[in-house]
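Structure assessment
Here is what each chain is made of, one letter per residue.
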Amino acid sequence: MSKVSQFENNSAVTRDFFLYSVLKELRPKYRIWFFGLLWTLGQPFFSSLVVAYVFQNKLSTFIIPQNYFFFCFGGLSFWTFFSSAINQSGLVFQNRMKLVKSSANSRFCIALAPVTALFLELLFSLYFALVVFELFNILSPKPLMLLGVFLSALLAFIFTASTALFISVMSLELRDLRYLIPFLIQLGFLTTPIIYEASLPGIWGTLYHSTPLALAMRLYRWTLGLHTFPSSNHFLTGLVITFFWGVFCSLIFQSKSKKLAEWL
């Protein structure tokens, strides 16, 4: 067999294994499809409803008062995706121990399968909400709303997938990291413009608005007509952070994944 044919064969095997892993993540939740869809669509909707009802008056100096429910929906949808992916990544290899001793490509697929499944759910919920908002003339979406929604979700996926790769291997090398993850997620929730919008001066303001998740949320809110488009400074800074964080996490995963069998 030639090298080209061998490469194509290995690529096909890796692709099929990845698709199988993603479907394996989705199948339990959607075994009864109605309840699966209800959970996917209802979780960010009802969370936004509760937050908007409880915190709108208390955070009136920090939030955008108009359409606060939709502002929260644009933040909580992305944060639910991110937090769920990170929580699953800490145990992804422990739950797939029999497959860890196979090729490096399968390890990469195992680590990314939960994130990809959650990403598909995120896309579905964002586009479904967009259809509902447009159908009932609730908001005034931008002309490029379909592209804007996809780009915002893609940006969140790249950052979340990179972080998940990092957490998946580091949680095996540093066993106590799994106990630190909930605290870091809670800290991230409080310092990300999910349910409020703060105005910070100087470099702190740039970092606050340029984190990949904050940038993704702002892009989505822009498509809904709730926010202005991110400034060029924040937009470029967010893209640079996403790129270098992705490269760093990929390199860490590639070097650490060779020792997974020993750690398990």
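If you're wondering where the values come from, they're calculated on a predicted model, not measured in any experiment.

Cut-off values and rules
Residues numbered from 1 in each chain as written. Predicted model: local features only at pLDDT ≥ 70, side-chain atom pairs only at ≥ 80, totals over all residues. Heavy atoms only, no water. Helix = DSSP H or I, 4+ residues; strand = E, 2+ residues; numbered from the N terminus. Buried < 20%, exposed > 50% of the residue type's maximum accessible area, 1.4 Å probe, protein only. Contact = heavy atoms within 4.5 Å. Areas by Shrake-Rupley, 256 points an atom, 1.4 Å probe, with all protein chains shown as cover. Salt bridge = Lys/Arg side-chain N within 4 Å of Asp/Glu carboxyl O. Phe/Tyr/Trp six-rings, centres within 6.5 Å; stacked < 30°, edge-to-face > 60°. Axes fitted to C-alpha atoms, helices over the stretch in contact; angles between N-to-C directions. Parallel < 35°, antiparallel > 145°, perpendicular 65-115°, else oblique. Nonpolar A, V, L, I, M, F, W, Y, C, P; charged D, E, K, R; others polar. 1 Å grid on protein atoms, 1.4 Å probe; cavity = no way out; pocket = protein on both sides within 12 Å on 5 of 7 lines; lining within 4 Å. Points joined across faces, edges and corners; volume = space filled by probe spheres on them. Polar contact = N/O pair within 3.5 Å; in protein donor to acceptor, adjacent residues only side chain to side chain. Expected span 1.5 Å × (residues − 1). Core = buried A, V, L, I, M, F, W, Y, C linked by side-chain atoms within 4.5 Å. Left-handed = near helix turned anticlockwise from the far one by under 90°.

The helix and strand inventory of the chain stands at 11 helices and 0 strands. The order of helices and strands in the chain, counted from the N terminus, is α-α-α-α-α-α-α-α-α-α-α. Out of the 264 residues belonging to the chain, those deemed buried represent 48%. In the chain, the share of contacts with a sequence separation of at least 24, taken over all contacts with a separation of at least 6, comes to 75%. Here the chain has roughly 14,500 Å² of accessible surface; of this, 69% comes from carbon and sulfur atoms.

The subject of this paragraph is the pattern of salt bridges. Per the counting criterion, the structure on display carries 2 salt bridges. Note that lysine 29 and glutamate 121 form a salt bridge whose closest N and O atoms lie 3.1 Å from each other. Taken together, the residues span a long stretch of sequence, with lysine 29 in the loop between helix H1 (3-26) and helix H2 (33-55) and glutamate 121 in helix H5 (residues 104-135) at a distance of 92 residues. Residue lysine 29 is classed as partly exposed on the basis of its relative accessible area, which comes to 32%. Overall, the relative accessible area of 10% leaves glutamate 121 in the buried class. A salt bridge links lysine 256 to glutamate 173; its shortest N-O distance comes to 3.0 Å. Residue lysine 256 is found in helix H10 (residues 232-256), and its partner glutamate 173 is found in helix H6 (residues 145-173); the two are separated by 83 residues along the sequence.

Within the structure shown, the criterion is met by 19 aromatic pairs. Taking the centre distance of 5.9 Å and the plane angle of 70° together, the rings of phenylalanine 108 and phenylalanine 253 count as edge-to-face. In this pair, phenylalanine 108 sits in helix H5 while phenylalanine 253 sits in helix H10, placing the two residues 145 residues apart along the sequence. Note on phenylalanine 108: relative accessible area 37%, which makes it partly exposed. Taken together, a centroid distance of 5.1 Å and an interplanar angle of 80° make the contact between tryptophan 222 and phenylalanine 229 edge-to-face.

The geometry of helix H8 (residues 202-210) relative to helix H9 (residues 212-223) is characterised by a closest axis approach of 5 Å and an angle of 70° between their N-to-C directions. Comparing their axes, H9 and H8 come out roughly perpendicular. Taking contact as the criterion, the partners of Tyr208, His209 and Ser210 in H8 are, on H9, Pro212, Ala214, Leu215 and Arg218. For the contact of H8 with H9, the class distribution of residues is 4 nonpolar, 2 polar and 1 charged.

This paragraph deals with empty space enclosed by the protein. Sizing a probe to match a water molecule and rolling it over the atoms shows the empty space that remains. One pass over the structure, following the stated rule, counts 1 cavity of 30 Å³ or more. In this structure, the largest cavity spans a volume of roughly 40 Å³. For the lining of the largest cavity, the element with the most residues is H9, which contributes 3 residues. Among the residues forming the lining of the largest cavity, the class breakdown is 2 nonpolar, 2 polar and 3 charged.

Another aspect to go through is the side chain of serine 171. One can find serine 171 in helix H6. The exposure class assigned to serine 171 is buried, which follows from its relative accessible area of 0%. Looking at serine 171, its side chain comes within polar contact range of the main-chain oxygen of glycine 90, at 3.2 Å. A distance of 2.8 Å separates a polar atom in the side chain of serine 171 from the backbone oxygen of isoleucine 167.

Before going further, it helps to examine helix H3 (residues 68-89). Since one α-helical turn is 3.6 residues long, residues separated by three or four positions face the same way. The terminal C-alpha atoms of H3, which comprises 22 residues, lie 32 Å apart, in line with the 32 Å expected from a rise of 1.5 Å per residue. Burial analysis of H3 places 19 of its 22 residues in the buried class, the great majority of the element.

Counting residues in hydrophobic clusters, the biggest one holds 64 residues, and the most contacted among them are Phe78, Phe81, Phe93, Ile195 and Tyr220. Among the secondary structure elements, those contributing two or more residues to this core are H2, H3, H5, H6, helix H7 (177-190), H9 and H10. Ranked by residues supplied to this core, first place goes to H6 with 15 residues. Among residues more than four places away in sequence, those in contact with phenylalanine 78 are Leu122, Leu126, Ser152, Ala153, Ala156, Ala216, Met217 and Tyr220.

Moving on: the packing of H6 against H9. When two helices pack together, their arrangement is given by the angle between the helix axes and the distance between those axes. Running from N to C, H6 and H9 cross one another at 165°; their axes reach a closest spacing of 8 Å. It follows from the interaxial angle that H6 and H9 lie roughly antiparallel. With respect to the hand of their crossing, H6 and H9 are arranged in left-handed fashion. The residues of H9 that touch H6, namely those facing Met145, Gly148, Val149, Ser152, Leu155, Ala156, Phe159 and Thr160, are Pro212, Leu213, Leu215, Ala216, Leu219, Tyr220 and Thr223.

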